[in-house]
Amino acid sequence: MSTRPVLVYDGDCGFCTTCVRFAERRIRPRCTITAWQFADLAALGVTEERAGHEVLWITPAGTVYGGAQAVAKLLMSARGGWAVPGALLTLPLVRQAARAVYRLIADNRHRMPGGTAACSMPPHRRP
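Rules behind the numbers
Residues numbered from 1 in each chain as written. Predicted model: local features only at pLDDT ≥ 70, side-chain atom pairs only at ≥ 80, totals over all residues. Heavy atoms only, no water. Phe/Tyr/Trp six-rings, centres within 6.5 Å; stacked < 30°, edge-to-face > 60°. Lys NZ or Arg CZ within 6 Å of the ring centre and 35° of its normal. Pairing = 2+ DSSP bridges. Helix = DSSP H or I, 4+ residues; strand = E, 2+ residues; numbered from the N terminus. Axes fitted to C-alpha atoms, helices over the stretch in contact; angles between N-to-C directions. Contact = heavy atoms within 4.5 Å.

A. Quick look at the packing of aromatic side chains. Counting across every chain of the model gives 0 aromatic pairs. Of note, lysine 73 hangs over the ring of tyrosine 65, and the distance from its end group to the ring centre comes to 4.5 Å.

Here it is, written out as structure tokens:
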């Protein structure tokens, strides 16, 4: 198991890849970032179905956070002011809203900048 948290994202999705590249350049989280298509999902303790459904943050101890809470963990791992919005995303009322916004964006990522038709397909049906 890694000594750093791991962020797992959908490498076939242009929108997801654009977001991850932004995070690497601007947010600079302290984690290992990998596309689920190249990750050892079994070793990370997650299924392909879950990895294809939402971004995942996996702690070195094996705790898995998905969706908006994975984004919160990513932000909290960064230096500077990024930890503040990350911590806000963990508050009960904000967490509920963040979950809804994350799901809305994830379900429509093929319509987002950088998204493609492949983004809307289930992982097992992608070209």
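B. Structural context of the sheet that holds strand E4 (residues 64-66). Within the open sheet, the 4 strands sit side by side as E2-E1-E3-E4. Their pairing is mixed. Each end of this open sheet is capped by a strand with a single partner; those strands are strand E2 (32-35) and E4. The mean inter-strand angle of the sheet, taken between neighbouring strand axes irrespective of direction, is 20°. Bridging between strand E1 (residues 6-9) and strand E3 (residues 56-58) involves 3 bridges; their strand directions are antiparallel. Looking at E3, one finds that leucine 7 is bridged to tryptophan 57. Each of E1, E3 and E4 is contacted by helix H4 (residues 68-77), which is oriented at about 110° to E4, the strand it contacts most.

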